[in-house]
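Chains, contacts and geometry: an overview
The lines below spell out each chain.
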Amino acid sequence: MTAGTAKLRYYSILSSEWVTVALACTPRELTPDEAATVDLSAAREATAAAMIQANEDAASGRLAEARQHLRDALVQAEAAGAESEDVQRLQCDLNECLETVQTAAEYQSKGAKKLQWIGGGHGKQRSRGAECAYTNSVQRSMKSAASAM
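Now for a description of the structure that goes with this document. Here the residue index of a chain counts from 1 through its sequence in written order. The model is predicted, so local features are restricted to residues of pLDDT at least 70 and side-chain atom pairs to those at 80 or more, both for listing and for counting; the totals for chains, interfaces and linings are taken over all residues. As a rule here, side-chain values come from all non-hydrogen atoms in the structure, and water together with hydrogens is ignored.

Our focus in this paragraph is the overall build of the protein. Elements are defined by DSSP. Helices are runs of H or I of four residues or more, strands are runs of E of two residues or more, and each kind is numbered from the N terminus. Tallying secondary structure elements over the protein gives 5 helices and 2 strands in all. When the helices and strands of the protein are listed from N to C terminus, the series reads β-β-α-α-α-α-α. Within the protein, the fraction of its 149 residues that count as buried is 29%. Any two residues whose heavy atoms approach within 4.5 Å are treated as being in contact. Across the protein, every contact between residues at least 6 apart in sequence was considered, and the portion connecting residues at least 24 apart equals 49%. Calculation of accessible area relied on Shrake-Rupley with a 1.4 Å probe; when residues are assessed, cover is drawn exclusively from the protein chains displayed. Per element, the accessible surface of the protein, about 9,800 Å² overall, is 55% carbon and sulfur. The classification of residues rests on relative accessible area computed with a 1.4 Å probe and restricted to protein chains. Under 20% of the type maximum is buried, over 50% is exposed, and intermediate values are partly exposed.

Here's what the structure looks like:
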């Protein structure tokens with residue numbers, strides 16, 4: 001890893017002008033928890049992108065390509081850590097969508113809506129009602145402590 005610089009540009013209300021500041025950046029190794037969070041985020045982004053692409057492919061009649069996009073995202077989600085509840089939710093959603101692009105009739109009746117709804121939810125980090133989705137360990141422990149009161 002190498003050090004670098006970044007520029008931050010902002011508008012100062014006090015001086016009524018744009019200000020540019022150079023910042024020194026020193027990378028560091030991620031902790032295992034941070035690395036898992038990065039992997040989960042990458043898997044979530046891949047899931048959302050795969051669902052968007054699969055929906056476009058299936059709408060154009062390319063069901064095999066749609067299934068392949070979903071399978072590729074499933075592989076990436078599995079690599080992010082199968083023991084995580086969040087990853088299991090991604091896998092469940094991908095498998096659910098995969099079932100709806102097996103035939104053109106299935107896609108027309110369920111798949112198009114499901115891919116948009118679930119893919120959009122992951123793209124916006126919405127949990128679709130799953131209690132564990134898109135929260136970190138601190139948020140979950142605070143919620144747990146609050147419910148115990």
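Looking now at the nonpolar core. In plain words, nonpolar cores are sets of buried Ala, Val, Leu, Ile, Met, Phe, Trp, Tyr and Cys residues tied together by side-chain atoms within 4.5 Å. If you look at the biggest cluster of nonpolar residues, it comprises 23 residues, and the most contacted ones within it are M51, L70, L94, V101, Y107 and L115. Broken down by secondary-structure element, the contributors of at least two residues to this core are α1 (32–59), α2 (63–79), α3 (85–99) and α4 (104–123). If near-sequence neighbours (up to four positions away) are discounted, Y107 is found in contact with N55, A58, A59, L63, T100, V101, A112 and L115.

Let us now look at a nonpolar patch on the surface. Note that patches include only residues with greater than 30% relative accessible area and no salt bridge, and the join distances are 9 Å for like charges and 5 Å for nonpolar side chains (Val, Leu, Ile, Met, Phe, Trp, Tyr). By convention in these notes, a salt bridge is any Lys or Arg side-chain nitrogen within 4 Å of a carboxyl oxygen on Asp or Glu. Side chains of L8, Y10 and L23 sit close together on the surface and give an oily, nonpolar patch of about 260 Å² of accessible area. Relative to the helices and strands, Y10 is located in strand β1 (residues 4–12). Note on Y10: relative accessible area 37%, which makes it partly exposed.

Our next topic: the side chain of T47. If you trace the backbone, T47 turns up in helix α1. Exposure remark for T47: the relative accessible area of 0% places this residue in the buried category. For the purposes of these results, a polar contact is taken to be a pair of N or O atoms within 3.5 Å, where, inside protein, one atom must be able to donate a hydrogen and its partner to accept one; residues adjacent in sequence count only when each atom of the pair is a side-chain atom. From its side chain, T47 meets the backbone oxygen of A43 in a polar contact 2.8 Å long. With sequence-adjacent residues up to four places away left out, T47 is seen in contact with A73, L90, L94 and H122.

Here a helix's expected span is defined as the number of its residues, less one, multiplied by 1.5 Å. Look at α4: only 25 Å from first C-alpha to last across 20 residues, short of the 28 Å you get at 1.5 Å a residue. Listed in full, the buried residues belonging to α4 are Y107, G111, A112, L115, I118, G119, G121 and H122. On its buried face, α4 is in contact with α1, α2 and α3.

Here the focus is the packing of aromatic side chains. Geometrically, a pair of aromatic rings is defined through the distance of the ring centres and the angle of the planes. When the centres of two rings from Phe, Tyr and Trp lie within 6.5 Å, Trp using its six-membered ring, the rings pair. Their planes under 30 degrees apart give stacked, over 60 give edge-to-face, and anything left gives tilted. Overall, the coordinates contain 1 aromatic pair when judged by the stated rule. Measuring from ring centre to ring centre gives 5.4 Å for Y11 and W18, while their planes differ by 70°; the resulting arrangement is edge-to-face. The exposure class of Y11 is partly exposed, given its relative accessible area of 42%. Given the relative accessible area of 51%, W18 is considered exposed.

Two strands make a pair as long as DSSP finds a minimum of two bridges between them. Pairing of β1 with strand β2 (residues 17–25), which is carried by 9 bridges, proceeds in the antiparallel orientation. In the sheet register, L8 faces β2, and the bridge partner there is V21. The hairpin turn running from β1 into β2, its antiparallel successor, is 4 residues long, and S16 in that turn takes a positive phi close to 55°.

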